[in-house]
Amino acid sequence: MKRKARQQYKQRYNFRKKVLSKWQLYVLMLPAVLYTLLFSYKPMYGILIAFQDFRVRRGIWGSDWVGLANFERLFDSYWFPIILKNTLTLSTLGLVIGFPLPIILALLLNELKNEKYRTFVQTVSYMPHFISTVVMCSIITMFLSPANGVINQIITFFGGEKLYFMQEASWFKWINEISGIWQGIGWSSIIYYAALSSVDSALLEAADIDGASRLQKIWYINLPEIIPTVVVMFILRCGSILSVGYEKVYLLQNDMNLIGSEIISTYVYKVGLEQSDFSFSTAVGLFNTVVNCVILISANWLSKKVTKSGLF
Amino acid sequence: MAEKLKRFFRGSQLFQWIVNIIIFVFLVVELYPIIYVISCSISDPEAVNAGKVFLGPVGFTLEGYKRVLEYKDIWIGYANTIFYTVVGTLINLIVTLPCAYALSRKDLAGSKFFMIFFMITMYIGGGLIPSYLNIKSFGLVNTRAIMVILGALSVYNMIVARSFYSGSIPYELTEAARIDGCSEFANFVKIVMPLSKALVGVMVLYYGIGHWNSYFNALVYLEDRSKFPLQIFLREVLLQSKLLEETMSNNPMLSAEEIAYLAEIERQADLIKYCVIIVSTLPMIIIYPKLQKYFEKGIMIGSVKG
């Protein structure tokens, strides 16, 4: 018994010595830790106002507690089914179309023989990533303008009717998704392309000798090589399924397409900061976070079951 | 001939052709909008309004650029954005790099705890309103400081940097200096930093672009026009024709001169939009080729994590 206590003491002493001797390393971490505490952890206790009828003057400890009233109001509200449906639609589209395309692009780029040409294509494909959301959204609006937008010019040139893209709610998801692909496909493909560079060339040679076709080589050698990367990226993507890029959606919205474009995060902004309904807005945000976490954990669990690899 | 055709279809040639065609179409789709915007910005305003520009510029004029440069707010926005980008990125580096280095050291006790401490914030946060109230409680709403402090640490970038350090700075290297009596601080500044130029390049790129393009933070936290970054003014200009329509409908009693002035701006409205897009994106276009060599390296550094 005594010996055990002594051992424990010794361990603790060693640990303390280890920490103390490296104190400088902790000082190096200090700015990051302070920032995270003050700007990421401190606001977390502000989540409490989701369960209150929060008044700024009375503060968090002086405001009345209302239990789940804000959530009940959310679930009963006119907008709730709309924002939930829109958020899920936009993120599912992103997952189904936007996620696989960069992988396909990386596989195709890998098949290009001319290295200079390939580098050129890659350079061009990264460029849109650097365009700001504000600029991106106005380019979209101008391209789709029914008055003089180039897309409608082409449609009328082939004898079609002009389409009012930005005015119709049903177009919104496609506009958001296709422009997102245009902007992000090159950039997202880099990580897969990098993973492809680690394919063992001996494997490819062996496949050549066995008479494998190019397609077979992609399917049986290249694709399996990047699957772990794909899995990690997929789970990360699932974790943010309800946090669609709100900046872009917000900037593309107008009164006419709101039924198809209002999502949870833009709703949080409008209710919270434009209408100053702090408690309700926080409740909506909290709902978003909880759903995100549940999806992330289930995606990770599923991935561990199916592919034996996960994020955590 | 038949033999040749047969080989074409069975062998890899057909495949190569399909790949080439797909990639070519992809290239055209990615390039076209960029070329189109550039062409429009120097075309005749009438041609732009009528939608006559398809690929190359129609006519040639720089009057759009002249108008943009006359617009005072753009300059205020430019100055503010440059300030936010330079100072903000500097703060990003000071916060991110030392922390990433410390966490990459295998002799750091409690590194796993700290990793979890940081990574939780990637998925869980207070949300918009609690963050706003928090910043308000610090008295930082409507200050320039908040624009450079907010987002000082991106956990994702920190993990990228940590992977770089643990992959390319051997422990023995700093160990030797330590035995010679070099402190951890001196170690970091004099040995580690000079060896991580590529990493610094990637970090400057990631963070810098974020600051340059940031819109939403300014929208939420700033009130004074004199503090607005470029993107806010950009948004205003890009919505200008809408604003004009509104002023026209709200004040039906405009004088003839005012209407003529508005009509003149209206005539150039689209042209100005294209010009302002180019003017605001120019710094990125200039910096882009210089930092380009770091891109793939940077993402590869990140992909090593596990």
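As the structure is a computational prediction, the values presented were derived from the model and not from experiment. (Residues numbered from 1 in each chain as written. Chains lettered and ligands numbered in written order. Predicted model: local features only at pLDDT ≥ 70, side-chain atom pairs only at ≥ 80, totals over all residues. Heavy atoms only, no water.)

J.: Just give me the short version of the overall build of chain A, but keep the residues and values in it.
T.: When you go through chain A residue by residue, the secondary structure sums to 16 helices and two strands. Against the 2.2 N^0.38 benchmark of 20 Å for 312 residues, chain A shows a C-alpha radius of gyration of 26 Å, more extended than a compact globule. By its C-alpha atoms, chain A is 85 × 60 × 35 Å across when sized along the principal axes. Out of the 312 residues in chain A, the part that is buried amounts to 50%. For chain A, contacts bridging at least 24 residues in sequence account for 64% of all contacts bridging at least 6. A total accessible area of about 16400 Å² is found for chain A, and carbon and sulfur atoms account for 64% of it. Computed over 29 positive and 19 negative side-chain charges, the inter-centroid distance for chain A is 19 Å. (Helix = DSSP H or I, 4+ residues; strand = E, 2+ residues; numbered from the N terminus. Rg over C-alpha atoms; globule rule 2.2 N^0.38 Å. Buried < 20%, exposed > 50% of the residue type's maximum accessible area, 1.4 Å probe, protein only. Contact = heavy atoms within 4.5 Å. Areas by Shrake-Rupley, 256 points an atom, 1.4 Å probe, with all protein chains shown as cover. Lys, Arg positive; Asp, Glu negative; His and termini not counted. Charge placed at Lys NZ, Arg CZ, Asp CG, Glu CD.)

J.: Would you mind going over the pattern of salt bridges in detail, with residue names and values included?
T.: Pairs can form between side chains of opposite charge once their charged atoms are near each other. The final tally for this structure, using the stated rule, is 16 salt bridges over all chains. One salt bridge connects R105 of chain B with E184 of chain B, and the closest N-O pair in it is separated by 2.8 Å. Here R105 of chain B is found in the loop between α5 (72–104) and α6 (111–123), whereas its partner E184 of chain B is found in helix α11 (residues 184–192), with 79 residues between them in sequence. For the residue pair R105 of chain B and E184 of chain B, the accessibility class agrees, reading buried in each case. As a salt-bridge pair, R225 of chain B and E236 of chain B come within 3.0 Å of each other at their nearest N and O atoms. Of this pair, R225 of chain B sits in the loop between α13 (216–221) and α14 (230–238) while E236 of chain B sits in helix α14, and the two are eleven residues apart along the sequence. Accessibility expressed as a relative area gives 38% for R225 of chain B, which makes it partly exposed. Via salt bridges that share partners, K22 of chain A together with R105, D107, E175, R178 and E184 of chain B belong to a single interconnected network. (Salt bridge = Lys/Arg side-chain N within 4 Å of Asp/Glu carboxyl O.)

J.: Can you break down the interface of chain B and chain A residue by residue, with the values?
T.: Residue-level contacts link 91 residues of chain B with 83 residues of chain A. A combined buried area of about 8100 Å² lies between chain B and chain A, and 76% of that area is made up of carbon and sulfur atoms. Across the chain B-chain A interface, the total number found is one salt bridge. Here K22 of chain A ties to D107 of chain B by a salt bridge, and the two come within 3.2 Å at their closest N and O atoms. Across the chain B-chain A interface, the total number found is 19 residue pairs in polar contact (both at pLDDT 80 or more). Looking at the side of chain B that touches chain A element by element, the count peaks at 18 residues for helix α2 (residues 12–41) of chain B. Tallied by class, residues from the side of chain B that touches chain A come to 64 nonpolar, 19 polar and eight charged. (Buried area = accessible area lost by both parts, 1.4 Å probe. Polar contact = N/O pair within 3.5 Å; in protein donor to acceptor, adjacent residues only side chain to side chain. Nonpolar A, V, L, I, M, F, W, Y, C, P; charged D, E, K, R; others polar.)

J.: How would you summarise helix α9 (residues 155–168) of chain B if you had to cite specific residues and measurements?
T.: Helix length check: α9 of chain B (14 residues) gives 20 Å between terminal C-alpha atoms against 20 Å at 1.5 Å per residue, within 8%. Within α9 of chain B, burial applies to V155, N157, M158, I159, V160, A161, S163, F164 and Y165 of chain B. (Expected span 1.5 Å × (residues − 1).)

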